[in-house]
Amino acid sequence: MEKIQAASFKSVFMEKSMQGLFALCAFGCVLAVGMICIFLFANAIPTIAEIGFMDFIFGDLWEPNAEIFGLAPMIVGSLYVTALAIAFGVPCGVLSAIYLAFFASKKVKIAITPAVELLAGIPSIVYGFFGLIVIVPFLAHILGTSGKGLLAASLLLGIMILPTIVLVSKTSLEAVSETYLEGGLALGASKERVVFFVMLKAAQSGVLASIILGVGRAIGEAMAVIVIAGNQPIFPESISDGVRTLTTNIVLELGYSADLHREALIASSVVLFVFILLINLSFSVLKREKH
């Protein structure tokens, strides 16, 4: 009897200890995010007030030497690059996940899945060199330009977000009960119809989560984009024009910035932070409406 009580006490103690550890880890994550927010906003709000909110957000000139800091070209550039990367990456990623989850043979899965996982582990700068050696010359030949610009950066980011979308979507699709598929087939529907209208709908929460993660990767990427985007702080008028995003602007100039210039770059990171937050909130609202 004493042994049973001792074992029960040990089990309860371990359970409570693990709960405390998990809660501590969760609190640590929240604390880290809170400290980052405090640091960014504490430095950014006075800077934005000094420059002027409208001039900072909607100004179309970025000239640090003249203390003119207008983020509009970089904001528009980030929007364009992210939107095109999503247009390239999301359909390919989701369709690839559907193929791997429902149509690929076991041998094909064994061959493709590790390759997709390897894509996720390739450093950003390696992607950048790939874009510089392969994508840029190809676009230069097709478009008759330097090749560096909005289209090159978007294509590269579309490739970079593929592993995130494919792996998360595949996991979500495979988590859906097979009875849905079997029931649809039993009712006479084709496999393709059941997959696209039943299984995909049942896994839409996970698929949307994969898209959110992909968007976050695309909009937050700097090293790969900086190599092939052209890095011109202007409004792009075509897909072949050079573009500068918020992240590349910070990376390019933070090393030699000082005083108001440095504070303006920190404020730029707050704009990027808020931008990503708004995108996540939009997807969260969309997920609630779907349910």
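In this text, all values refer to a predicted model and were calculated from it rather than measured experimentally.

Draft legend 1. The arrangement of the overall build of the chain in detail. Assigned secondary structure in the chain consists of 13 helices and two strands. Once the C-alpha set of the chain is aligned to its principal axes, its extents read approximately 80 × 55 × 35 Å. The 291 residues of the chain split such that 39% are buried. Restricting the contact set of the chain to residue pairs at least 6 apart, pairs at least 24 apart contribute 72%. Carbon and sulfur atoms make up 69% of the accessible area of the chain, which totals about 16,100 Å². Averaging the positions of the 17 positive and the 19 negative side-chain charges in the chain gives two centres separated by 18 Å.

Draft legend 2. Examining the nonpolar core more closely. Membership of the largest hydrophobic core comes to 65 residues, with the highest contact counts inside it found for Phe56 and Leu71. Ranked by residue count, the leading element in this core is helix H13 (residues 259–290), at eleven residues. If sequence neighbours within four positions are ignored, Leu71 has contacts with Phe56, Ile57, Gly59, Trp62, Leu246, Asn249, Ser268 and Val271.

Draft legend 3. Spotlight on the environment of Asn231. When you line up the elements, Asn231 lands in the loop between helix H11 (223–228) and helix H12 (246–254). Classification of Asn231 by relative accessible area gives buried; the value is 18%. For Asn231 and Leu252, which are 21 residues apart along the polypeptide, the C-alpha to C-alpha distance reads 8.8 Å. Discounting residues that sit within four places of it in the chain, Asn231 has contacts with Val225, Ile226, Val243, Arg244, Thr248 and Leu252. Within the structure, the side chain of Asn231 is placed 2.8 Å from the backbone oxygen of Ile226, a separation counted as a polar contact.

Draft legend 4. Focus on helix H5 (residues 124–143). If you look at H5, its biggest bend is around 40°, right at Gly131. What H5 keeps buried is the set Tyr127, Gly128, Gly131, Ile135, Val136 and Leu139. Contacts from the buried residues of H5 go to helix H4 (106–121), helix H6 (150–160) and H11. Note on H5: the residue one or two positions beyond its end, Gly144, has a positive phi of about 70°.

Draft legend 5. Main features of unusual backbone geometry. Despite not being glycine, Glu67 has its phi angle at roughly 55°, a positive value. Tracing the backbone through its elements, the reader meets Glu67 in the loop between strand E1 (62–63) and strand E2 (68–69). For Glu67, a relative accessible area of 54% corresponds to the exposed category.

Draft legend 6. Spotlight on empty space enclosed by the protein. Counted under the stated rule, the structure contains two cavities of 30 Å³ or more. Space inside the largest cavity adds up to approximately 50 Å³. Taken together, Ser78, Val81, Thr82, Leu157, Ala218, Ile219, Glu221, Val225, Thr245 and Thr247 form the lining of the largest cavity. Mapped by element, the contributors of at least two residues to the lining of the largest cavity are helix H3 (72–103) and helix H10 (204–220). A class-by-class count of the residues in the lining of the largest cavity yields five nonpolar, four polar and one charged. In terms of lining residues, the second largest cavity is bounded by Leu139, Leu143, Thr145, Gly147, Lys148, Gly149, Leu150, Leu151, Ala152, Ile239 and Ser240. Elements with a contribution of two residues or more to the lining of the second largest cavity: H5 and H6. Broken down by element, the residue count for the lining of the second largest cavity peaks at three residues, all from H6. Residues that form the lining of the second largest cavity fall into these classes: six nonpolar, four polar and one charged.

Draft legend 7. Region of the structure containing the layout of surface pockets. A volume near 210 Å³ is recorded for the largest pocket. Considering the residues around the largest pocket, the lining is formed by Phe41, Ala44, Ile45, Ile48, Phe53, Ile57, Ile75, Val270, Val271, Val274, Phe275 and Leu278. Elements that contribute at least two residues to the lining of the largest pocket include exactly helix H1 (2–51), helix H2 (53–58) and H13. Here the lining of the largest pocket gets five residues from one element, more than from any other, and that element is H13. Of the residues contributing to the lining of the largest pocket, the split by class is twelve nonpolar, no polar and no charged.

Cut-off values and rules
Within each chain, residue numbers correspond to sequence positions counted from 1 in written order. Where local features are concerned, this predicted model is filtered to residues with pLDDT of at least 70; where side-chain atom pairs are given and counted, the filter is 80 or more; whole-chain, interface and lining totals use all residues. By convention in this description, side-chain values take in all heavy atoms of the structure and omit both hydrogens and water. In this description a helix means any DSSP run of H or I spanning at least four residues, a strand means any run of E spanning at least two, and both kinds are numbered starting from the N terminus. The classification of residues rests on relative accessible area computed with a 1.4 Å probe and restricted to protein chains. Under 20% of the type maximum is buried, over 50% is exposed, and intermediate values are partly exposed. We call two residues contacting when some pair of their heavy atoms lies within 4.5 Å. Reported accessibility uses the Shrake-Rupley method at a 1.4 Å probe radius. Residues are deemed covered only where the shown protein chains occlude them. His residues and chain termini do not enter the charge count, which takes Lys and Arg as positive and Asp and Glu as negative. By convention, charge coordinates are those of NZ in Lys, CZ in Arg, CG in Asp, or CD in Glu. What makes a nonpolar core is a set of buried Ala, Val, Leu, Ile, Met, Phe, Trp, Tyr and Cys residues whose side-chain atoms join them at distances within 4.5 Å. Any pair of nitrogen or oxygen atoms within 3.5 Å is treated as a polar contact; in protein, a donor-acceptor pairing is required on top of that, and neighbouring residues in sequence qualify only through side-chain atoms on both sides. One axis is fitted to the seven residues ending at the residue and one to the seven starting there. The bend at that residue is the angle between these axes. The method works on a 1 Å grid over the protein atoms by themselves. A cavity is a set of points holding a 1.4 Å probe that cannot get out, a pocket is an open set with protein on both sides within 12 Å along at least five of seven lines, and residues with an atom within 4 Å of a point line them. Grid points are joined across faces, edges and corners, and a volume is the space filled by probe spheres set on the points. For this scheme, ten residues count as nonpolar: Ala, Val, Leu, Ile, Met, Phe, Trp, Tyr, Cys and Pro. Four count as charged, namely Asp, Glu, Lys and Arg, and the remainder, Gly too, count as polar.

All we've got here are geometric facts, nothing functional implied.
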